[in-house]
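# Reading the structure
Residues per chain, in single letters:
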Amino acid sequence: LALSACSSTPSHLIIEPNILNTPSTNYNNKTAQLEVIDMRTARHIVQISQENEAVILLSAEKRLENTIQNVLTSQWKKQNLLINHTNTNDMKNTKKIHIIIEKALTRVSQYTLNYQIKTEIIIKVRITHGLQTQTTTFKNTGTSKGVLQAGIADLEHDFNQRLTGLLTQVLTNHKIHSFLK
């Protein structure tokens, strides 16, 4: 499927990060509250620019914050970290994990005979426990090139691969692990 300004261009991409091997960490059934916030000013994840053509914007089929929350909840459950999604006012005993999506964008520059893809994903993880706060920023960027036109499958694969890598970094981060234990 080639991307062009025609009506057959899909309006959404399927974003499904796939973490095959859950990092071997054990939280011994600790509990935390998780909130994922999308702070981006625009909700699209792909922007396709072509000379003398209108820019094409593509969004994720499902809200990106829901996808990230579902993946992290599932992975942390496998690591025996129990995630509570309800807002708990017990500030002393509840560790709160805030995942802030600062940037998640793939820019495609489409030329006559080739294309260039630049992807950048930035996520900040802020964990609070009482008066203590620990913040870590994760960034995954990359560029790829190809001949003719970028296909939807290529864009989905590239974005999913980068998001998977980023979420794996969150799950394996020593500072986060130490703070949550």
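That block above? That's the structure.
The following paragraphs examine the structure supplied in this document. Small disclaimer: the values here were computed from a predicted structure and weren't measured.

### Considerations on empty space enclosed by the protein
Empty pockets left among the atoms are what a rolling probe the size of a water molecule brings to light. Throughout the structure, instances matching the rule amount to one cavity of 30 Å³ or more. One number sums up the size of the largest cavity: a volume of about 40 Å³. Forming the walls of the largest cavity are Ile14, Ile15, Glu16, Ala60, Glu61, Lys62 and Thr67. Across the lining of the largest cavity, the residue classes break down as three nonpolar, one polar and three charged.

### Things to note about the side chain of asparagine 173
Of note, asparagine 173 is situated in the loop between α2 (152-172) and α3 (174-180). Once residues within four sequence positions are removed from consideration, asparagine 173 is found in contact with Thr136 and Phe138.

### Some remarks on the packing of helix α1 (residues 64-78) against α2
The description of two packed helices rests on the angle between their axes and on the distance between the axes. Interaxial distance between α1 and α2 falls to 11 Å at its minimum, and their mutual angle equals 45°. In terms of orientation, α1 lies oblique with respect to α2. Relative to α2, α1 is oriented so that their crossing is right-handed. The residues of α2 that touch α1, namely those facing Leu64, Ile68, Val71, Leu72, Gln75 and Trp76, are Phe159, Leu163, Leu167, Val170 and Leu171. Taken together, the residues that form the contact of α1 with α2 break down as ten nonpolar, one polar and no charged.

### Some thoughts on the nonpolar core
Core analysis: the biggest nonpolar cluster contains 44 residues, and Ile68, Trp76 and Ile97 have the highest contact counts within it. Ranked by the residues each element gives to this core, the list is headed by α2, at eight residues. Dropping the residues within four chain positions of it, isoleucine 68 is found in contact with Val36, Ile99, Ile101, Ile123, Leu163 and Leu167.

### Examining the pairing of strand β8 (residues 132-147)
As paired elements, strand β7 (residues 114-129) and β8 share 16 bridges and run antiparallel to each other. Pairing of isoleucine 117 across the sheet is with serine 144, part of β8. A loop of two residues connects β7 with β8, the two strands running antiparallel in sequence, and glycine 130 in this loop sits at a positive phi of about 65°.

### Quick notes on the pairing of strand β3 (residues 46-50)
Across three bridges, β3 lies against strand β4 (residues 56-60) in antiparallel orientation. Bridge pairing in β4 places glutamine 47 opposite leucine 57. As consecutive antiparallel partners, β3 and β4 are separated by five residues, and within that stretch asparagine 52 has a phi angle of approximately 60°, a positive value. With five bridges joining them, β3 and strand β6 (residues 95-110) adopt parallel strand pairing. When the bridges of β6 are listed, glutamine 50 appears paired with glutamine 110.

Conventions we followed
Residues numbered from 1 in each chain as written. Predicted model: local features only at pLDDT ≥ 70, side-chain atom pairs only at ≥ 80, totals over all residues. Heavy atoms only, no water. 1 Å grid on protein atoms, 1.4 Å probe; cavity = no way out; pocket = protein on both sides within 12 Å on 5 of 7 lines; lining within 4 Å. Points joined across faces, edges and corners; volume = space filled by probe spheres on them. Nonpolar A, V, L, I, M, F, W, Y, C, P; charged D, E, K, R; others polar. Helix = DSSP H or I, 4+ residues; strand = E, 2+ residues; numbered from the N terminus. Contact = heavy atoms within 4.5 Å. Axes fitted to C-alpha atoms, helices over the stretch in contact; angles between N-to-C directions. Parallel < 35°, antiparallel > 145°, perpendicular 65-115°, else oblique. Left-handed = near helix turned anticlockwise from the far one by under 90°. Core = buried A, V, L, I, M, F, W, Y, C linked by side-chain atoms within 4.5 Å. Buried < 20%, exposed > 50% of the residue type's maximum accessible area, 1.4 Å probe, protein only. Pairing = 2+ DSSP bridges.

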